[in-house]
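# Per-entry structural report
If you want the building blocks of each chain, they are given just below.
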Amino acid sequence: MIFVNELIKAFCKRTTIAIFAVLLLLNGVLLYINETKQTLEYTPEQYKAAYQTLEGLDTHVAFERISQKKSELELIQRLSFGEDISQENCNAEELLKSYKTKSYLEFTDDIYSEIELTDRIYEEVAACENYDSYLENIDSTARKMTGISLFADPDSFSYKNIAQTPADFAYLKGSKLTAAPSKGISMATGFLATDLIAMLMIMTVVMTIVTREKELDQITLSRTTYKGRMPLGITKIFTCFAAAIVAEMLLYGVNFAVSYITYGFGDLSRQIQSVYEFNGSNLKISVLQYFALFLAAKLAVYCVFAAMIYLVTVVSNTAVKVYGILIITIAAEAVLYYTIPSTSYLCPLKYINILAYANTKDLFASYLNLNIFGKPVNYMAVFVGSAIVLLLILSILSVLIFSKQRVIKSRTRKFSLAKFSIFKGRTTNLFLQECYKVFICGKALLILIAFAVITAVSYSPISESFSSADEVYYKQYMLKFEGEYTAEKQKMIDAEAQKFADAQMKMSEEMANSDGDGVFIMMKYQDILAPQYAFDEVKQHAEYLQTTEDGQFVYDSGYKLLTGGETAGNKDLTLGLTAMTMVILCLTYVYAAEYQTGANVLLKTSARGREDTFLCKFGIGVVIVTMIFALTYAPYFYNVLNAYGTRGINAPACSIESLSNFDVSIKGYLILIIAGRYLALLCAMLIIYFLSAKLKSVISTFLAATAVLILPILLALLGIGFFDYVLLNPILIGNI
């Protein structure tokens, strides 16, 4: 009966139902958009239609057919370039007729799309046809590598791993693979955004049945229950597992349905190695068995995450602590996952990790042995064992803590800011009272201090770096031509171009007249021609400057880091994610706590109560946002400008090709994106205020703010380009 009540409490709230419905719809839309908006020349419908022509064929026959089509398309493409193919071993007249009538276009509308589609299907079918050769290559590669001195030590992990690999694949020899659509299977089980959404669903349930009760002091009632809190704690952990089951059933029900409609799955009884991305698996299972094992493994991952969330909520008495501990935990897991090499003795920390667990498809798609005390242990065994152990430990620990922890808080504390008179909150001044509630009660002061300390400790000055000699030459040229584009500079560029052309001609002449292999001749001209690639970039930039009114030569490597160039990577998104997380941590308490306790009704009894209170809260929010903004962005901007300098910062922004549409200086553009990001954080503050006033709960506001403000950034980081333009992301990124 207790379990039923907990289920009703967890799943029957309108807020929970609404969150689940929105996230479920979001998952399906994202999955479809992510697949159909890829930069491919062909569509999923065309891919599906192409495989329908191979349906029921033996793999060898299908391979011969697709190989013939691939060869014909290559010859037809040569025809389109005006080449003579009469000397080729083919029916030139038939191909010419096909080219003129465009009968070669079976599935697409142009030759480039047809070639790309054919090449993709050829790769998939060839992987099935040549699977025995792939296995033989594993054996021969192992023999060669164990003979190399670097891997020849029989006691080393590398040697043992290489020697074990052929044995783990041996029983797959002679496998009969069937060519069928692969993309649908990868689409259904490889969408990482689904895991982010599932985690939000699980967090919603766990925090509803634990943190929400703590917020309302309902957890103290459990002390009076028969047999104490142990049965209730066990019931709650099973409710968390129920949330994991519901999340998986709903989300992967959508994923499988959308993927089947989009691509289809082909013959489910075929061996998993028939699927292109699973060619490197050493498991002899069918596609259907893979689906079953994948769902079982994914459920284990979700249950481990649910148990972890449950433990965090049990040990934390406020939503702020829950959110903070989760952020720190996941950040630490990410550092371990992305920094530890696979062959390191620390690799268990990399793979016994919630982020590694989330990549469940890779568990089945690739072969991996971990270095466990110098011995290669298959990751599948490590995953199963570690998941079971983690699940048991987290579950038992959380239930024990829940049943034993004190629910009636002591009035005395060993350390409290309230012991200092300035922090006691004993004042009739509205602004100071609001400061006390936000900074002391809401822990914003401690959070900001911790953030400042982490920023200071993690700060590391960068230096100007060059990934190749070309970048050094590029800098030299840009500094040489720095300033306005003039006719004199164009003459210098033309002279430099002529120098390279003359050197190329002389080198070609000497090589033509030489009886040797030409290596020494090439070395002779190496120093002269070394800067040519960098010069070509400068020359192209000069041609671009001719199309502008006042563009200048500017050494822009540093500015590209600050304005979203390719070298910047995802820095804008990671900084935005950090800032947005801090804003949520500091400001969620501002309104939600008053509505949660019912104290908001007091505002209605005084003149201009709500208006003055809002202005105070707004002012405090602006101060907090300003501090977060400065701590997040100032170190990075200072670091880059200090390393690369500010030469040319007053030049027009159009001097950088990616900023050709902006009629301001580079300094003005930097100020513009800084202002835009600051404005985005202020908008986030107002969104949080709105959500807390509507949801009337701290933990509900945390969850809603995470979904609205954090999830789009995470999805953009996963490479779903659509989310670069969603909600606050365009302003927050500022470099689109």
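Provided above is the structure to which this section pertains.
To start, this report covers the structure provided alongside it. (Residues numbered from 1 in each chain as written. Predicted model: local features only at pLDDT ≥ 70, side-chain atom pairs only at ≥ 80, totals over all residues. Heavy atoms only, no water.)

### Overview of the overall build of the protein
Under the convention used in this document: In this text, helices come from DSSP runs of H or I with a minimum length of four residues, and strands from runs of E with a minimum of two, each type numbered from the N-terminal end. Any residue under 20% of the maximum accessible area for its type is buried, any over 50% is exposed, and the rest in between are partly exposed; the area is computed with a 1.4 Å probe on protein chains only. Contact definition: two residues touch when any of their heavy atoms are within 4.5 Å. Note on areas: these come from Shrake-Rupley sampling with a 1.4 Å probe, and a residue is covered only by the protein chains present in the view.
A count of helices and strands for the protein gives 32 helices and four strands. A total of 736 residues make up the protein; the buried ones form 47% of that total. The contacts in the protein between residues at least 6 apart in sequence include a share of 75% that link residues at least 24 apart. Of the roughly 36900 Å² that the protein leaves accessible, carbon and sulfur atoms contribute 60%.

### With respect to the packing of helix H13 (residues 287-315) against helix H14 (residues 319-339)
To be explicit about the condition: Only the contacting stretch of a helix is used when fitting its axis, a line to C-alpha atoms as for every element, and angles between N-to-C directions run 0 to 180 degrees. Should an angle lie under 35 degrees it is considered roughly parallel, over 145 roughly antiparallel, and from 65 to 115 roughly perpendicular; all remaining angles are considered oblique. By definition, turning the near helix anticlockwise from the far helix through less than a right angle yields a left-handed crossing, and turning it clockwise yields a right-handed one.
Their axes nearest at 9 Å, the elements H13 and H14 cross at an angle of 135°. The orientation of H13 relative to H14 falls into the category oblique. Seen from above, H13 lies across H14 with right-handed handedness. From H13, Met-308, Ile-309, Val-312 and Thr-313 reach across to H14, where they touch Val-322, Ile-325, Leu-326 and Thr-329.

### Looking at the pairing of strand S1 (residues 369-372)
We apply this condition: Strand pairing is defined by DSSP finding a minimum of two bridges between the two strands.
Judged from the four bridges that link them, S1 and strand S2 (residues 375-378) form a sheet pairing that is antiparallel. Along S2, the bridge assignment pairs Asn-369 with Asn-378. Between S1 and S2, which pair antiparallel in sequence order, lie two residues; one of them, Phe-373, sits at a positive phi of approximately 55°.

### Topic: empty space enclosed by the protein
Rules: Only protein atoms enter the 1 Å grid used here, on which a cavity is any set of points holding a 1.4 Å probe that cannot leave and a pocket is any open set flanked by protein within 12 Å on both sides along at least five of seven lines; residues with an atom within 4 Å of a point are listed as lining. Grid points are joined across faces, edges and corners, and a volume is the space filled by probe spheres set on the points. Three classes are used, and their members are as follows: Ala, Val, Leu, Ile, Met, Phe, Trp, Tyr, Cys and Pro are nonpolar, Asp, Glu, Lys and Arg are charged, and the others, Gly among them, are polar.
With the rule as written, the count across this model stands at two cavities of 30 Å³ or more. Taken as a whole, the largest cavity encloses approximately 70 Å³ of empty space. Elements supplying a minimum of two residues to the lining of the largest cavity: helix H17 (360-365) and helix H18 (379-404). For the lining of the largest cavity, the element with the most residues is H17, which contributes three residues. In terms of residue class, the lining of the largest cavity is made up of seven nonpolar, four polar and one charged.

### A look at a negative patch on the surface
Let me state the cut-off plainly: Note on patches: the residues involved have over 30% relative accessible area and no salt bridge, like charges join within 9 Å, and the nonpolar side chains Val, Leu, Ile, Met, Phe, Trp and Tyr join within 5 Å. The working definition used for a salt bridge is a side-chain nitrogen of Lys or Arg within 4 Å of a carboxyl oxygen of Asp or Glu. A positive count includes Lys and Arg, and a negative count includes Asp and Glu. His and the chain ends are not counted in either. Every charge is mapped onto a representative atom, which is NZ of Lys, CZ of Arg, CG of Asp or CD of Glu.
A contiguous patch of negative charge on the surface is contributed by Glu-484, Glu-549, Asp-550 and Asp-663. Positionally, Asp-663 belongs in the loop between helix H29 (609-644) and helix H30 (666-695).

### Quick word on the environment of Gln-273
Mapping Gln-273 onto the fold places it in the loop between helix H12 (230-262) and H13. It is 8.1 Å that separates the C-alpha atoms of Gln-273 and Lys-284, two residues lying eleven residues apart in sequence.

### Notes on helix H10 (residues 192-209)
This is how the line gets drawn: A helix's residues, less one, multiplied by 1.5 Å, set its expected span.
Between the first and last C-alpha of H10 there are 27 Å, a value that for 18 residues agrees with the 26 Å anticipated at 1.5 Å per step. For H10, a buried count of 16 out of 18 residues is recorded, marking the element as mostly surrounded by other parts of the structure.

### Looking at the pattern of salt bridges
Under the criterion given, the structure shown has twelve salt bridges. Taking the shortest distance from any N to any O, the salt bridge between Lys-69 and Glu-114 comes out at 3.1 Å. Taken together, the residues Lys-69 in helix H4 (residues 59-80) and Glu-114 in helix H6 (residues 111-129) connect sequence positions 45 residues apart. Judged by its relative accessible area of 0%, Glu-114 is buried. Note that Lys-499 and Glu-496 form a salt bridge whose closest N and O atoms lie 3.2 Å from each other. Residue Lys-499 and its partner Glu-496 are both found in helix H22 (residues 487-513); the two are separated by three residues, about one turn of the helix. Judged by its relative accessible area of 38%, Lys-499 is partly exposed.

### Looking at the side chain of Gln-46
So the rule is basically this: For the purposes of these results, a polar contact is taken to be a pair of N or O atoms within 3.5 Å, where, inside protein, one atom must be able to donate a hydrogen and its partner to accept one; residues adjacent in sequence count only when each atom of the pair is a side-chain atom.
As for its position among the elements, Gln-46 is in helix H3 (residues 44-52). One polar contact links the side chain of Gln-46 to the main-chain carbonyl oxygen of Phe-107, over a distance of 3.4 Å.

### As for H6
Over its 19 residues, H6 extends 26 Å from the first C-alpha to the last, a length consistent with the 27 Å expected when each residue adds 1.5 Å. With a side-chain oxygen lying 3.1 Å from the backbone nitrogen of Tyr-112, the N-terminal cap of H6 falls on Asp-110.

### Here's the deal with the packing of aromatic side chains
To describe a pair of aromatic rings, one takes the distance between the centres and the angle between the planes. Quick reminder of the rule: Centres within 6.5 Å make a pair out of two Phe, Tyr or Trp rings, where for Trp the six-membered ring is used; the pair is then stacked when the planes are under 30 degrees apart, edge-to-face when over 60, and tilted otherwise.
Taken as a whole, this structure holds 24 aromatic pairs when the rule is applied. Ring geometry for Phe-256 versus Phe-291: centroids 4.8 Å apart, planes at 80°, classification edge-to-face. You can see Phe-256 sitting in helix H12 and its partner Phe-291 sitting in helix H13, a full 35 residues away along the chain. What makes Phe-256 buried here is its relative accessible area of 15%.

### Digging into the nonpolar core
For clarity, the cut-off: Residues belong to one nonpolar core when they are buried, are Ala, Val, Leu, Ile, Met, Phe, Trp, Tyr or Cys, and are joined through side-chain atoms within 4.5 Å.
Leu-587 and Ile-624 are the most contacted members of the largest nonpolar core, which has 178 residues in total. With 18 residues, the top contributor of residues to this core is H13. Dropping the residues within four chain positions of it, Leu-587 is found in contact with Gly-621, Ile-624, Val-625, Met-685, Ile-688 and Tyr-689. Among the nonpolar cores identified, the runner-up in size contains nine residues, and Leu-73, Leu-75, Tyr-104 and Leu-105 belong to it.

### Notes on the packing of helix H20 (residues 444-458) against helix H27 (residues 571-587)
Where H20 meets H27, the closest approach of the two axes is 9 Å, and the angle between their N-to-C directions is 155°. The angle between the axes of H20 and H27 places the two elements in the roughly antiparallel class. When H20 is examined against H27, the residues Ala-444, Ile-447, Leu-448 and Phe-451 are found in contact with a partner set consisting of Thr-578, Met-582, Leu-585 and Cys-586. In terms of residue class, the contact of H20 with H27 is made up of seven nonpolar, one polar and no charged.

### A look at the side chain of Lys-298
Its location among the elements puts Lys-298 in helix H13. Given a relative accessible area of 1%, Lys-298 falls into the buried group. Side chain to side chain, Lys-298 and Asp-195 meet in a polar contact 3.1 Å long. The residues touching Lys-298, leaving out its near neighbours within four places in the chain, are Asp-195, Glu-248, Tyr-252, Ala-358 and Thr-360.

### Examining the environment of Ile-401
Tracing the backbone through its elements, the reader meets Ile-401 in helix H18. Spatially, the C-alpha atom of Ile-401 lies 8.9 Å from that of Gly-233, the residues being 168 residues apart in sequence. If we skip the residues at most four places from it in the chain, Ile-401 touches Leu-311, Val-314 and Val-315.

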